[in-house]
Amino acid sequence: MKFTFPKSPKPDSVSDSDWNNWTWQLRQSLKTQSDFEKVFTLTDNERVAFSKGKELFNIRTTPYYASLAGDDPQDSIRQILMPQRFEFEDGLQQMLDPLGERKNNPAPRVIHRYSDRVLFLVTDICSVYCRFCTRKHFTGQEQAFIRNDEYEQALSYIRSHPGIREVILSGGDPLTISDAQLDRVLGDLRSIDHVEIIRIGTRMPVVCPMRVTDELVAILRKHKPVFLMSHFNHPNELTAEAAAALEKFVDNGVPVMNQMVLLNGINNHPAIVQALNRRLVYLRVKPYYMFQCDPSQGTDHLRTSVEDSLEIQKELWGHLSGLAMPNLSVDIPNGGGKTYLVPNFQVAQEGLVRKYVGWDGVQAEYVSPAAKDIKKPDASRYLAEWESLKAAKS
Ligand code: SF4
C-alpha cells in the first residue's frame, strides 16, 4: 500500500511563511491556560491541572502540534500534550528520577550509565512538554543551553574517557538550540578522536517538523556519522510536514530510528502500533524501540501494563516484518538498564531439545549441537578492541 500523509490543519489567520517557520512556532507556543483556551474547550480535569501552576510539570506546545489534536478530550495527541488532574493523584509508582540518572551524573549534563556511551543534555527546553516525560527532574526548568563553564567540564569528561564511543545529545530537546550552537557542539565532539557515533534524540520532527531545514541537515552531514532518534508515538503524528522532514534527513544521509512509548488509551492497540511503524518504514525510518512507559511522577494514568504490552507484541508477531517491528523494552527503574520483553514461544526443554509453538500455532523442536562440538573462531585480531570496550567505564 502506498501511504499518504495529510497536511496539518493550519488556521486561515496564519500565513504559510509563519506556519512553516520553526522559530515562529517556538515563539507562538501555547503555555498558559488562556493560550490553550483559544484553541481547546478545556475539561474540568484539564482546568484543575492548569490551576496547580508551578507544582505542575511545565506546559508548552507548538501551534502546529496543537493543530493535530482534536477537541475530543480522548484524542491521542491531546492526551500527550494536555495536563490532567490525574498528574497529582497518588499512583502505584511515582519516581522523580526513574532511570537513576542522578547517580550516574559524573559531570554537568553528562549521564554515564553504559560503558561505551554517554548522554549529553545540552538543553532542558522542549517545544512540547509531553505529559509522559521520563526526565521531569531536569526537563522544562528553562535553564536553556548549557552554561559555558559546564559545557567545558562536560567536554573534558568525554575527552578524558577514551571508552566513550557514542555521545547521545538529549535534553530537553537538542534541536531547540540554534544551528550555530548545534554546529559548535557537533564540531567539538567530532574533534575527540574516540567519539565514533553521535546520536540526536529529538521530538522536533514530530512536534515542529519545520525545524528540519536545509541548513540543519547540512550541519548533520558535515559532522557525520550522526544518527537521528525520532520519537513518534501515533500515526496521527505523521503529517505531510513530518513525512517531508523525515525524508529530508534520510535523503541527506542521516539515518533515522524511531523510539515510541506505549501509552494507556493513546496507542496501546496493535492496529495503531502497526499503522505507525509500517508508515515509518515506508518513509525509510527504522522502528527501534517500543518502550514501556517509565514510572515518572504524574504518569500513572498514562502507563499500560507489561502484560498488555506483551499481548500487543505477540499479536504483531508474524504480521509485521522484522524491519517494521520495534523492540519492546522496559527500562529497569533506578538505572537497572534496558531489558527486552519478548513473547515466550518455547513451551518445553529436555536436554538439547527445545520445543516451540510459533506465532500461528506451528509446533516444532530445535535440537542444539552438544557443548563439546561448539568451536570458537580465531578472534585475536579483534580481542584488544573487545577488551577495551568492556573496560570502558573504569
Ligand atoms: S520532548 Fe522528550 S524530553 Fe521533552 S518533554 Fe517530551 S519526552 Fe520529555
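In every chain, residue numbers begin from 1 and rise along the written sequence. Residue-level local features of this predicted model are given only where pLDDT is at least 70; pairs of side-chain atoms are given and counted only at 80 or more, and the full residue set underlies all totals for whole chains, interfaces and linings. Side-chain figures throughout are based on the complete set of non-hydrogen atoms in the structure, without hydrogens or water.

## Considerations on the overall build of the protein
No. 1: Helices and strands together make up the secondary structure of the protein, namely 14 helices and 12 strands.
No. 2: Computed over C-alpha atoms, the radius of gyration of the protein comes to 22 Å, within 12% of the 21 Å expected from 2.2 N^0.38 for 394 residues, which places it in the range of a compact globule.
No. 3: Over its C-alpha atoms, taken along the principal directions, the protein stretches across nearly 75 × 50 × 45 Å.
No. 4: The 394 residues of the protein split such that 50% are buried.
No. 5: For the accessible areas, the method is Shrake-Rupley and the probe is 1.4 Å, while residue cover comes only from the protein chains on display. In the form shown here, the protein has an accessible surface area of approximately 18800 Å², with 51% of it arising from carbon and sulfur atoms. Helical segments are the DSSP runs of H or I of at least four residues, strand segments are the runs of E of at least two, and each set is numbered from the N terminus. For the radius of gyration, the atoms used are the C-alpha atoms, and the globule rule reads 2.2 Å times the number of residues raised to 0.38. Three labels apply to residues, based on accessible area from a 1.4 Å probe with only protein chains included: buried if under 20% of the type maximum, exposed if over 50%, partly exposed otherwise in between.

## Quick look at the state of the cysteines
Linking two cysteines covalently through their sulfur atoms gives a disulfide.
No. 1: Throughout, disulfides are identified as pairs of cysteine sulfur atoms within 2.5 Å of each other. Taken as a whole and assessed by the stated rule, the structure comprises 0 disulfides.
No. 2: The thiol of Cys293 is unpaired, and the distance to the nearest cysteine sulfur, on Cys133, comes to 9.8 Å.

## Examining the domain arrangement of the protein
No. 1: Segmentation of the protein into domains returns domain 1 (16–88), domain 2 (101–340) and domain 3 (346–394).
No. 2: The gap between the C-alpha centroids of domain 1 and domain 3 is 49 Å. In this entry, domain limits derive from an automatic or database-based domain assignment.

## Considering the pairing of strand β4 (residues 197–201)
No. 1: When DSSP finds at least two bridges between two strands, those strands are taken to pair. With 4 bridges joining them, strand β3 (residues 166–170) and β4 adopt parallel strand pairing. Looking at the pairing, Glu166 lines up with Ile197 of β4.
No. 2: We call a crossover right-handed when, viewed with both strands directed away from the observer, the connection leading from the first strand over the helix to the second proceeds clockwise. Note that the unit made of β3, helix α8 (residues 179–190) and β4 has a crossover that is right-handed.
No. 3: Where β4 and strand β5 (residues 226–230) come together, 4 bridges link them in parallel fashion. Bridging across to β5, Gly201 finds its partner in Met229.

## Looking at the packing of helix α7 (residues 148–159) against α8
No. 1: For the pair α7 and α8, interaxial distance at closest approach is 11 Å and the crossing angle is 30 degrees. Between α7 and α8, the angle is such that the two are roughly parallel. As for how α7 packs across α8, the hand of that crossing is right-handed. In this structure, α7 uses Asn148, Tyr151, Glu152, Leu155 and Ile158 to contact α8, whose residues at the interface are Arg184, Val185, Asp188 and Leu189.
No. 2: Residues belonging to the contact of α7 with α8 are distributed by class as follows: 5 nonpolar, 1 polar and 3 charged. Working convention: axes come from line fits to C-alpha atoms, limited for helices to the stretch in contact. Angles between N-to-C directions cover 0 to 180 degrees. Should an angle fall under 35 degrees it is called roughly parallel, over 145 degrees roughly antiparallel, and 65 to 115 degrees roughly perpendicular, with every other angle called oblique. Left-handed is the label given to a crossing in which the near helix is rotated counterclockwise from the far helix by less than a right angle, and right-handed is the label when the rotation is clockwise. The criterion used for residue contact is that any of the two residues' heavy atoms lie within 4.5 Å. Each residue gets one label: Ala, Val, Leu, Ile, Met, Phe, Trp, Tyr, Cys and Pro are nonpolar, Asp, Glu, Lys and Arg are charged, and the others, such as Gly, are polar.

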